Amino acid sequence: MSADFYGPTEIWIIILALGIGTFFLRYSFLGLAGRRPLPEWALRYLRYTAVAVLPGLVAPLVLWPQATGGAPDPARLIAAAVTVLAGLATRNTLAAILGGFVSLYLALWLVG
Amino acid sequence: MTDRPSLSAAYWRGLRNGLPFMLVIVPFGTLFGVAATEAGLNVAEVMGFSILVIAGASQFTAVQLMNDHTPALLVILTSLAVNLRMAMYSASLAPHLGAAPRWQKALVAYFMIDQSFAVAAQDYERAPQQSLAEKLAYYAGACTPNCPTWYVATLAGALLGAAIPPEFALDFAVPVTFLAMIAPMLRSLPHLVAATVSVVAALAFSFLPSGLGVLVAAVLAMVAGARAETFLTRRAAR
């Protein structure tokens, strides 16, 4: 449980710091009134931030799930694969989430 | 001066174009409420995330890292890294909205989510001759169905979360949601390169204190994606 580990003050510091930091990322170039366009090389790096962070975050969760104490679990691996394939095929986040959950429950029911 | 009818037309056009995204916001916000509650956060803290941060992917990132007992500073840094793309959104809206008064730009910034940015950028590119007021009205329209929905869906998830039994395997809701966000992002070879480097490096560096490995992997992946793009552009030019 994260609440026990951090305590209320630290949790609110995380929320506030993330909120303020995110606001300034959003405000940044709008605030400059568009006088200075972002150089092309900077845009090139920014384009890949989300796709650089999220896969690394999710990989250990898929391979070593908490619910099984970190042992790879066939049902969860199948669900992960179906989610990615559904997302690639439909380009639709919602369709991928649905596909992931349906396959997770099917696989849990079949493989246990 | 822009007259009122054209402003209200722009507002309703934005609302219509933003409406379909509610289908994503509702389940996504609910899942966040559930995941954050499962991680041990109380309703006020869960709502604090959705109201003050209002950026789904980074909120999921923070909750996941907190679940792993990552030091607070690393939680903040890694979650902010997920939101770096917002600076890119800001840069691309700046030529259209940069002339607005500061308080209006602050509101635009606060409500800047993937969906509001995507429809607004598309609309401004399609009709760049619109007045500033029309562009702002369109933006407000696009935010109307989505941003308040994010708060309500989160609250529903937070209240619901505690009542869902473990058989529903909601522990896996976070990975499924992340994967569902990532897959549609893999729209070019450089994106695929970045994602692959991110996965391999995160697993290779998983011995590092939690959160640090992901951050190192993210930097490597970002560089890999940008370099791959440069390489492919140069090759295509030849």
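Small disclaimer: the values here were computed from a predicted structure and weren't measured.

Reading guide: rules and limits
Just so you know, the residues in each chain are numbered from 1, in the order the chain's sequence is written. By the order in which they are written, chains take letters starting at A while ligands take numbers starting at 1. Totals for whole chains, interfaces and linings use all residues, but because this is a predicted model, local features are given only for residues with pLDDT of at least 70 and pairs of side-chain atoms are given and counted only at 80 or more. Each domain span listed reflects an automatic or database assignment of domains. Two residues qualify as being in contact provided that their C-beta atoms, derived from the backbone, are within 7 Å of each other. Here the term charged refers only to Asp, Glu, Lys and Arg, the term nonpolar to Ala, Val, Leu, Ile, Met, Phe, Trp, Tyr, Cys and Pro, and the term polar to all other amino acids, Gly among them. All axes here are fitted lines through C-alpha atoms, helices being fitted over the stretch that makes contact, and every angle between N-to-C directions spans 0 to 180 degrees. We count a stretch as a helix when DSSP gives it H or I for four or more residues in a row; a strand needs E for two or more, and each element gets its number in order from the N terminus. An angle below 35 degrees is treated as roughly parallel, one above 145 as roughly antiparallel, one from 65 to 115 as roughly perpendicular, and anything else as oblique. Rotating anticlockwise by less than a right angle from the far helix to the near helix defines a left-handed crossing, while the corresponding clockwise rotation defines a right-handed one. UniProt positions are given in the numbering used here, feature names are shortened, and annotations may be inferred rather than shown by experiment.

Participant: Would you mind going over the domain arrangement of chain B with me for this structure?
Facilitator: Interfaces are often described in size by the accessible area the parts lose on coming together. All names here are of chain B. Domain annotation for chain B reports domain 1 (4-184) and domain 2 (186-238). On a C-alpha basis, the centres of domain 1 and domain 2 stand 24 Å from each other. Contact residues are listed per partner, giving 12 residues for domain 1 and 8 residues for domain 2.

Participant: What exactly am I supposed to notice about the domain arrangement of chain A here?
Facilitator: If you check the domain split of chain A, you get domain 1 (1-37) and domain 2 (51-112). One C-alpha centre belongs to domain 1 of chain A, the other to domain 2 of chain A, and the line joining them spans 29 Å.

Participant: Quick question: what am I supposed to make of the interface of chain B and chain A here?
Facilitator: Counting from both sides, the interface comprises 82 residues of chain B and, opposite them, 70 residues of chain A. Looking at the side of chain B that touches chain A, its residues break down into 60 nonpolar, 17 polar and 5 charged.

Participant: Can you walk me through the packing of helix 12 (residues 189-204) of chain B against helix 13 (residues 212-237) of chain B in this structure?
Facilitator: Packed helices, taken two at a time, are described by the angle between their axes plus the distance between the axes. Residue and element names in this part refer to chain B. Two elements in contact, helix 12 and helix 13, have axes separated by 8 Å at closest approach and are oriented at 155 degrees. Classified by the interaxial angle, the pair formed by helix 12 and helix 13 is roughly antiparallel. Crossing hand, helix 12 versus helix 13: right-handed. Its residues assigned to classes, the contact of helix 12 with helix 13 shows 17 nonpolar, 4 polar and 1 charged.

Participant: In this structure, what is going on with the UniProt feature "transmembrane region" (unreviewed entry) in chain B? I would like to understand it.
Facilitator: Residue and element names in this part refer to chain B. Per the UniProt entry, the sites bearing "transmembrane region" (unreviewed entry) are residues 20-39, 46-66, 72-94, 136-161 and 192-225 in this numbering. Helix makes up 90% of residues 46-66 and strand makes up 0%, while its end C-alpha atoms are separated by 13 Å. What you have in residues 136-161 is 88% helix and 0% strand, and the ends, taken at the C-alpha atoms, are 37 Å apart.

Participant: What am I meant to see in the UniProt feature "transmembrane region" (unreviewed entry) in chain A here?
Facilitator: All names here are of chain A. Within this structure's numbering, the places UniProt gives as "transmembrane region" (unreviewed entry) are residues 12-33, 45-64 and 93-111. Across residues 45-64, helical content stands at 85% and strand content at 0%; the span's end C-alpha atoms are separated by 30 Å. Overall, residues 93-111 shows 100% helix and 0% strand. The separation of its end C-alpha atoms is 26 Å.

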